[in-house]
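Notes for the structure review
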Amino acid sequence: MNIALTELPPEVQASVAETRERVAALHAELTRYELVVWTAGNVSERVPDSDLFVIKPSGVSYDALSAEMMVVCTLDGKKIDDGTPAHLQPSSDTAAHAYVYQHMSDVGGVVHTHSTYATAWAARGEPVPCALTMMADEFGGVIPVGPFALIGDDSIGRGIVETLQESRSPAVLMRNHGPFTIGKDARAAVKAAVMCEEVARTVHISRQLGAPDRIPQADIDRLYDRYQNVYGQRTTQ
Ligand SMILES: O=C(CO)[C@@H](O)[C@@H](O)COP(=O)(O)O
């Protein structure tokens with residue numbers, strides 16, 4: 001029996017609507033920061049206090065996306081009766097996003113892109129070395145590589161979780177595929193995707209001129225602690 005959005009408690013319906021607005025708006029950040037071509041990227045966010053998440057519909061142009069088109073899924077990746085046309089399919093990466101939400105309870109947002117420089121590192125199966133203070137700040141060290149996995153079941157999701165559970169990084173470069181990022185919410189995951197592409201590009205350029213210096217681990221730890229706990233405005237947003 002499929003869950004019907006209209007039969008859920010009013011507060012859940014309201015939370016779904018707010019999540020849809022956020023997820024739809026954040027897809028514009030993927031194009032703004034040139035992290036995607038055509039439709040090759042997706043954003044999702046867990047619906048607070050529910051067993052649901054919202055994700056982009058598959059293959060829909062970013063300039064055609066609206067909040068009402070965002071697909072609502074259960075945590076096992078099944079679309080509910082969410083008011084969108086029955087034929088509107090969720091992202092082809094829905095199983096991967098769902099696996100992350102099922103196995104990483106503190107994750108509220110997931111993003112996938114094929115951004116050029118991060119994907120070039122994924123094509124080599126090489127972690128991005130921590131040679132920049134910006135990397136220590138956001139990633140707490142290297143950006144790790146996850147295993148090669150074919151789309152279609154939970155193997156991509158499993159590779160994401162197995163890799164990120166062993167790292168402080170909110171980004172993983174899935175071998176021969178591209179970056180997936182996580183965050184406490186979708187905005188944090190989009191930020192990680194933006195920063196991942198930025199540092200992948202910078203370190204790539206640096207390597208054209210020689211071997212980038214790796215920051216000592218003790219300094220990485222200090223930088224990471226400052227950025228995660230002191231940087232910015234300490235008000236809840
Ligand atoms: O990487 C892939 C397919 O290999 C997908 O992430 C990409 O094409 C985006 O697909 P969706 O439009 O989200 O279904």
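Each remark here, short or long, concerns the structure printed above.
Throughout, a residue's number is its position along its own chain's written sequence, starting from 1. Reporting of local features is limited, given that this is a predicted model, to residues whose pLDDT is at least 70; pairs of side-chain atoms are given and counted only at 80 or more, and all residues count toward the totals for whole chains, interfaces and linings. Values shown for side chains rest on all heavy atoms present in the structure; no hydrogens or waters enter the calculation.

**Details of the site of the ligand**
Throughout, near means a residue has at least one heavy atom within 4 Å of the molecule or strand. The environment of the ligand is formed by 13 residues, the closest being S58, S91, S92, D93 and H114. Taking G59, its main chain carries an N or O atom lying 2.8 Å from an oxygen atom of the ligand. Think of a polar contact as two N or O atoms within 3.5 Å of one another; within protein, one of them needs to be a possible hydrogen donor and the other a possible acceptor, and neighboring residues in sequence only count if both atoms come from side chains. Contacts to the ligand include H112, whose side-chain N or O atom sits 3.2 Å from an oxygen atom. Within the complex, 79% of the 370 Å² of free accessible area of the ligand lies under protein. Lys, Arg, Asp and Glu make up the charged group, whereas Ala, Val, Leu, Ile, Met, Phe, Trp, Tyr, Cys and Pro make up the nonpolar group; the residues left over, Gly among them, are polar. Of the residues that constitute the shell around the ligand, the class distribution is 1 nonpolar, 10 polar and 2 charged. Note on areas: Shrake-Rupley with a 1.4 Å probe; residue coverage comes only from the protein chains shown.

**Thoughts on the environment of G141**
Following the sequence through the fold, G141 ends up in the loop between helix 4 (133-139) and strand 5 (145-146). In this structure, the C-alpha to C-alpha distance between G141 and Q102, residues 39 residues apart in sequence, is 25 Å. By definition in these notes, contact holds between two residues if any of their heavy atoms fall within 4.5 Å. The residues contacting G141, other than those within four sequence positions of it, are C130, M135, A136 and I220. Numbering of helices and strands starts at the N terminus; helices are DSSP runs of H or I of at least 4 residues and strands are runs of E of at least 2.

Function cannot be inferred from these measures alone, as they are strictly geometric.
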